[in-house]
Amino acid sequence: MILRVEGLVKRYGDLVAVDDISFGIEGGDFVTLLGPSGCGKSTILHTIAGFLEPTEGNIYLRGENVTERPPNKRNIGMSFQNTALFPHMTVRENISYGLRMRDYDVQSYENRVDEILELIDLPEHGEHNPSELSGGQQQRVSLGRAIAFEPDILLLDEPLTGLDRVLREEMRSWLKQMQAETDVTMLYVTHDQADALSMSDKVIVLRDAKKQQEADPKTIYEHPANSFVAEFVGKSTKFEGQIKQNGNRAEIETSDSKIAVDSERYRSFGDQNENEPVTGYVRPEDVGISTNGNTDGQNAFSGSVEEILDMGDRSEVTVVVSELGTVLVYTERFPDFNEGDEITVEIPDNKVMLP
Ligand code: ADP
């Protein structure tokens, strides 16, 4: 294991910024800390880097306790939102600065800098000044500088914030590719669930200084551990009611309807008792839609199309169902019905999430 964080607590007076957080990262993994602003992500990162002293807990790098070590004695690379490039230095000088600061053990820095320039796809830009580069290119130089000295782990704090959507998507694939090429271990911090789901081997969801769930992106998305994770990651329609068992079937009984829940989903829901209040969720891409007027199927409800948003690759349809409220459905692009039409929505029982 490359990094192990154990029982990390950070208090500022009465405020608990990080509340008993533990996790580990295996070599070569891409792990993301995901959560809303203020949940403690940056504090965790700065503590790992050595800029902040934890109130309690320990940080281990390759099994060694580094909690008391100053930042420059931890073999950690970082690219934070505020780590700008040195404007008066060339790209080459910016990258070799990282090597010099770390007493990088090579006869000449130049070969390593050339390797890094290749890696960040800027082989011809070594002599340029940062101001001559685009935002995305500058970001890559910052990453290049952070991994040049072969750190045990690279810490990234919201590196894609402020980039426009297209560039952001490009940088996501680039980062992922760069990680595959170098096998560098990464800990990435973001409030953006798309960043987290698209790049990570493992996502750690945080809220109010506490860990909510730690799992691979598919599990986070399809089996959220609680309502916070279900609502923070991805969109969904929710149903509040009580859980009822009906023979070997389970149902969520809301004030106006019953929604069948697949037995496996119900079992994994755990030790909830009959009649206990429950919130179920369904993802918009899992909801079926039909225009044949048939509502005989399980969990089929008729409703009226309130809004169709054509997104190009799909359409986002909101349907008002009197028994359920507003149901969000993703359909193929440009569906053959209109706002105001009566349609049927169908909720597959094995897609009802009970976090
Ligand atoms: P995030 O990175 O998830 O946005 P932070 O780690 O920056 O969250 O902050 C976590 C909490 O700790 C917030 O409530 C923030 O206001 C508080 N905090 C962070 N730094 C300090 C500080 N130096 N003094 C007091 N409170 C702080």
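Just so it is clear, the model here is predicted, and its values are computed rather than measured.

S.K.: Pulling in residues and values, what's your account of the domain arrangement of the protein?
M.R.: In terms of domains, the protein is made up of domain 1 (3-230) and domain 2 (235-351). Using only C-alpha atoms to locate each centre, domain 1 and domain 2 end up separated by 39 Å. Counting residues at the interface gives 6 residues for domain 1, matched by 6 residues for domain 2. Summing the contributions of domain 1 and of domain 2, the shared interface buries around 570 Å²; its carbon and sulfur component is 32%. When residues of domain 1 are sorted by the area they lose upon contact with domain 2, Tyr221, Ser227 and Ala230 head the list and together hold 74% of the total. The interface formed by domain 1 and domain 2 contains 0 salt bridges. At the boundary of domain 1 and domain 2, one finds 4 residue pairs in polar contact (both at pLDDT 80 or more). Residue assignment for the side of domain 1 that touches domain 2 shows that the elements contributing at least two residues are helix H7 (217-222) and helix H8 (227-232). The element contributing the most residues to the side of domain 1 that touches domain 2 is H7, with 3 residues.

S.K.: Explain the nonpolar core residue by residue, including any values.
M.R.: Ile95, Ile120, Val141, Leu154, Leu175 and Met186 are the most contacted members of the largest nonpolar core, which has 30 residues in total. Elements with a contribution of two residues or more to this core: helix H2 (91-101), helix H3 (109-119), helix H4 (135-147), strand E7 (153-157), helix H5 (165-182) and strand E8 (186-190). When neighbours within four sequence positions are excluded, Ile95 is seen to be in contact with Val113, Ile116, Leu117, Ile120, Val141, Gly144, Arg145 and Ala148. Core analysis: the next-biggest nonpolar cluster, separate from the first, contains 28 residues, Phe23, Ile25, Val31 and Ile48 among them.

S.K.: Please set out the site of the ligand residue by residue, giving values where relevant.
M.R.: Surrounding the ligand, one finds Tyr12, Leu15, Ala17, Pro36, Ser37, Gly38, Cys39, Gly40, Lys41, Ser42 and Thr43. Gly38 places a main-chain nitrogen or oxygen 2.6 Å from an oxygen atom of the ligand. Gly40 has a polar backbone atom sitting 3.0 Å from an oxygen atom of the ligand. With the chains in place, 58% of the 560 Å² that the ligand exposes on its own is no longer accessible. When contributions to the shell around the ligand are tallied by element, the ones reaching two or more residues are strand E2 (15-25) and helix H1 (41-49). Classifying every residue of the shell around the ligand gives 5 nonpolar, 5 polar and 1 charged.

S.K.: Got a sec to walk through the pairing of E7? Specific residues and values, please.
M.R.: Burial of E7 is extensive: 5 of the 5 residues sit out of reach of the surface. With 4 bridges joining them, strand E6 (residues 76-79) and E7 adopt parallel strand pairing. Its bridge partner being in E7, Gly77 is matched across the sheet by Leu154. Taken together, E7, H5 and E8 constitute a β-α-β crossover, and its handedness is right-handed.

S.K.: An account of the sheet that holds E2 is needed here, citing residue identities and associated values.
M.R.: Hydrogen bonds between backbone groups are what pair the strands of a sheet, and the pairing can be parallel or antiparallel. Spatially, 4 strands are ordered E2-E1-E4-E5 in an open sheet, and the strand pairing comes out antiparallel. Every interior strand has two partners, whereas the edge strands, E2 and strand E5 (64-65), have only one. With 2 bridges connecting them, strand E4 (residues 56-61) and E5 associate as antiparallel partners. Across the sheet, residue Tyr60 finds its bridge partner in E5, namely Asn65.

S.K.: Please provide a residue-by-residue account of the sheet that holds strand E3 (residues 30-34), values included.
M.R.: Taken together, 6 strands build an open sheet; the order of strands is E6-E7-E8-E3-E9-E10 and the sheet is mixed. The open sheet is flanked by E6 and strand E10 (210-215), the only strands paired with a single partner. The sheet shows a mean angle of 15° between the axes of neighbouring strands, taken without regard to direction. As paired strands, E3 and strand E9 (residues 202-207) are joined by 4 bridges and run parallel to one another. Residue Leu34 lies in a different strand from E9, and its bridge partner there is Val205. In the packing of H4 onto the sheet, contacts are made with E6 and E7, and the angle to E6 comes to roughly 170°. Docked against the sheet, H5 engages E3, E7 and E8, running at close to 160° with respect to E8.

Reading the values: the criteria
- Residues numbered from 1 in each chain as written.
- Predicted model: local features only at pLDDT ≥ 70, side-chain atom pairs only at ≥ 80, totals over all residues.
- Heavy atoms only, no water.
- Domains from an automatic or database assignment.
- Contact = heavy atoms within 4.5 Å.
- Buried area = accessible area lost by both parts, 1.4 Å probe.
- Salt bridge = Lys/Arg side-chain N within 4 Å of Asp/Glu carboxyl O.
- Polar contact = N/O pair within 3.5 Å; in protein donor to acceptor, adjacent residues only side chain to side chain.
- Helix = DSSP H or I, 4+ residues; strand = E, 2+ residues; numbered from the N terminus.
- Core = buried A, V, L, I, M, F, W, Y, C linked by side-chain atoms within 4.5 Å.
- Buried < 20%, exposed > 50% of the residue type's maximum accessible area, 1.4 Å probe, protein only.
- Near = heavy atom within 4 Å.
- Areas by Shrake-Rupley, 256 points an atom, 1.4 Å probe, with all protein chains shown as cover.
- Nonpolar A, V, L, I, M, F, W, Y, C, P; charged D, E, K, R; others polar.
- Pairing = 2+ DSSP bridges.
- Right-handed = clockwise from strand over helix to strand, strands pointing away.
- Axes fitted to C-alpha atoms, helices over the stretch in contact; angles between N-to-C directions.

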